[in-house]
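Structural overview for review
The residues making up each chain are set out below.
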Amino acid sequence: GLLPHLNMESFGAIGTVLGCSAGIVVGGLVFAAYKLGLLYQLFHKTKSPRHGGESVAEVLRAHGVKYVFTLVGGHISPILVACEKMGIRIVDTRHEATAVFAADAVARLSGTVGVAAVTAGPGLTNTVTAVKNAQMAESPLLLMGGAAGTLLQGRGALQDIDQMSLFKPLCKFCASIRTIREIVPTVRKALAIAQSGTPGPVFIEFPIDTLYPFHLVSKEFGVKNPPKGLMGTIVTWYLNNHLLNLFAGAWETRDVSPLPVDIPQATDDQVQKCIELVSRAKKPVILLGSQATLPPTPADDIRKALEDLGIPCFLGGMSRGMLGRDSPIHIRQNRRDALKDADLVLLAGTVCDFRLSYGRVLNRRSKIIAVNRDKTQLLKNSDMFWKPTVAIQGDAGSFLLRLSKGLKGHRCPEEWPQSLKAGDLTKENANRAKADEKTEHHLNPLKVLHCVDELMSEDSIIVADGGDFVGSAAYIMRPRGPLRWLDPGAFGTLGVGGGFALGAKLCRPESEVWIVYGDGSLGYSVAEYDTFTRHKTPVISVVGNDACWSQISREQVPILGSNVACGLAFTGTFSEEHTVGYSALTRPMLILCALKAIFHFAERK
């Protein structure tokens, strides 16, 4: 009855509505088909005997990765097998944290990304401390973790937890692989991000069905007794479609080469301003941090630039050894006094955190140049205790080269580093006198450290893992060159020793690798002596055994009146294959007789 009342405009409006509705329906169907992968499957092959682990290995090999550290698990076995077939060495450890620490050491010493792979759930949770340590130490690291199948996550599968939420606060980049065709671009992206800007760890989660071959995954997805009726048909179709989409286009040729790495640099104007400030300074000081050792600038070039400048330098973190053993501009003692007298301080990758008393040790009358890749670290505590004259978000190593080039022919007044060096000698002579003091029982720890320092070969790498003993070692032992000192960094983690030493020995097989342990820190990685033996990576360990967590006890007892939980035991052993022997020493720390270890090491060489 309404039709006689409708005019042509009404019919047009109805047609428009119906057309729009039809368009929405069609658009919705196309979008659903896209999300379900139906369109992609029409043009891309699915079935193949290959597996996702091969894609991972291809990318790692193209990026020059030589080692993958792991503790094996079924979730990640395809990655390990594929890497081994492609010539990447698989190094298995006795704890997942050790695998990440070893990858961290490789990243620091090789200039590439360190790589670790661990299984799902507890395998990944065991790495959290090591990943956080890498984040705070600014080490480029790729952690690959297994996971429950794509359709089983959140359903109570074995070792299934929300891994992404766990690692997002720790990593620069996190990704969960959902189809096999995503593996190559995701791994390439992760490796580039790990090295760009401020380096750090990245994490990729691999559900188990993205790593195994089609014929095995299809058996797991297959519905053996599907429910009857429409619902059974829908469930069966959905599972089959999910399987086909998972593998569609997985083996098509893709670019596996490295993506560009973004490294921030100082501007020409900033460098020129710093050249003018340094040229006018009478008492300049450089505080060099770990960032100065990062690629792309070779450590030897930085060393040459520092020597040309002639400015006294305090070295921290990975920069220890940058100037060799006995450089006239390397100052080791009395840093607080030097900073009070300095009229210019260059913080080259050094952060004003607890290590510099949050900036309070800096003279407010000094000109301060701060260079750091990370803006947050660059300006840390600058709103409270110090203010930079020039703040540069850029690479410290390349900045030093440009500064030295701009100041060619200019050198720091010689009487300034000479006066600081004289103070160095006075303090070190006092330490020598303490080392020569007789102890009532056992060995004098300072004497032991001096002896070990004299015995080490020129190519030795020192791994520091401990409290009191290692604190003394930092002032006594002298790395012979750049990248020959490894310590946890700002996080102060105990337990890095076994992993750091493993990574260091693999990177520098010709070098002696010395672990300086406390008797507490040794317990974290003592099982890795099995790893050293199996992988033929001999190291030398010096253990300071005072049967106590002395760094804690020293304050806990006088303040709280109890030594509870601080006591250990005078325990010792000698290993014929690998390092260690240790004997009880006197407080506040120490040591182990390294002579037997040195003898065995010499025999093996």
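Please read these numbers as outputs of a predicted model, since none were measured by experiment. (Residues numbered from 1 in each chain as written. Predicted model: local features only at pLDDT ≥ 70, side-chain atom pairs only at ≥ 80, totals over all residues. Heavy atoms only, no water.)

1. Observations regarding the pairing of strand E14 (residues 513-518)
Basically, it comes down to this: When accessible area is computed with a 1.4 Å probe and restricted to protein chains, residues below 20% of their type maximum are described as buried, those above 50% as exposed, and intermediate ones as partly exposed. Only DSSP runs of H or I with at least four residues qualify as helices, and only runs of E with at least two residues qualify as strands; both kinds are numbered from the N terminus onward. The pairing criterion for strands is at least two bridges between them, as found by DSSP.
Counting buried positions along E14 yields 6 of 6 residues, so the element is predominantly enclosed. Residues Val513, Ile515 and Tyr517 line one face of E14 and the alternating positions Trp514, Val516 and Gly518 line the opposite face, and both faces are buried. Strand direction decides the pairing type here: strand E12 (residues 461-465) and E14, joined by 5 bridges, are parallel. From the neighbouring strand, Ile461 faces E14, where its bridge partner is Val513. For E14 and strand E15 (residues 540-544), the ladder comprises 5 bridges, and the chain directions are parallel.

2. Observations concerning the packing of aromatic side chains
Put simply, the test is: For Phe, Tyr and Trp, rings pair up if their centres lie within 6.5 Å, where Trp contributes its six-membered ring, and each pair is then called stacked (planes under 30 degrees apart), edge-to-face (over 60) or tilted (otherwise).
One pass over the structure, following the stated rule, counts 5 aromatic pairs. A centroid spacing of 5.9 Å and a plane angle of 90° characterise the contact between Phe101 and Phe500, whose relative ring orientation is edge-to-face. Taken as a pair, Phe101 in helix H5 (residues 96-110) and Phe500 in helix H20 (residues 497-507) lie far apart in primary sequence, 399 residues in all. Comparing Phe101 with Phe500 shows no difference in burial state: the two are buried. Ring geometry for Phe214 versus Phe247: centroids 5.2 Å apart, planes at 80°, classification edge-to-face. With Phe214 in helix H10 (residues 214-221) and Phe247 in helix H11 (residues 229-247), this pair connects stretches of sequence that are 33 residues apart.

3. Overview of H5
Applied cut-off: By this rule the span expected of a helix is its residue count minus one, scaled by 1.5 Å.
The end-to-end C-alpha separation of H5 is 21 Å, in line with the 21 Å expected for 15 residues at 1.5 Å each. Along H5, 14 of the 15 residues are buried, which leaves the element largely enclosed by surrounding structure. In the segment just after H5, Gly111 is the residue with positive phi, at about 80°.

4. Notes on the state of the cysteines
We count it as follows: Two cysteine sulfurs form what is called a disulfide whenever their separation falls within 2.5 Å.
Across all of its chains, the model carries 0 disulfides by this definition. No disulfide involves Cys412; its sulfur sits 9.6 Å from the nearest other cysteine sulfur, which is in Cys313. Among the residues examined, Cys412 registers a relative accessible area of 6% and is labelled buried.

5. Considering the nonpolar core
Rule in force here: For the purposes of this section, nonpolar cores are sets of buried Ala, Val, Leu, Ile, Met, Phe, Trp, Tyr and Cys residues that join through side-chain atoms within 4.5 Å. Should any heavy atoms of two residues lie within 4.5 Å, those residues are considered in contact.
Counting 52 residues, the largest nonpolar core has Leu288, Leu306, Leu346, Leu347, Ile369, Phe399 and Leu403 as the members making the most contacts within it. Sequence-distant contacts of Leu288, defined by excluding residues within four places in its chain, comprise Leu306, Phe314, Leu315, Gly316, Ser319, Met322, Ala348, Thr350 and Leu400. By size, the runner-up hydrophobic cluster in this structure holds 45 residues, among which are Ala97, Ala116, Met318 and Val543.

6. With respect to the sheet that holds strand E11 (residues 390-393)
Note the following rule: As a rule, the C-alpha atoms of each element are fitted with a line to give its axis, helices using only the stretch in contact, and angles between N-to-C directions run from 0 to 180 degrees.
The strand order across the open sheet formed by 5 strands is E8-E7-E9-E10-E11, and the pairing between neighbours is parallel. Of all the strands in the sheet, just strand E8 (313-315) and E11 have a single pairing partner and so form its edges. Here the strands of the sheet are splayed against their neighbours by 10° on average, with no regard to which way each runs. Here strand E10 (residues 367-372) pairs with E11 via 4 bridges, running parallel. The residue bridging Ile369 from the neighbouring strand is Val390, located in E11. Here helix H12 (residues 268-280) sits on the sheet and contacts strand E9 (344-348), E10 and E11; the angle it forms with E11, its principal contact strand, is near 140°.

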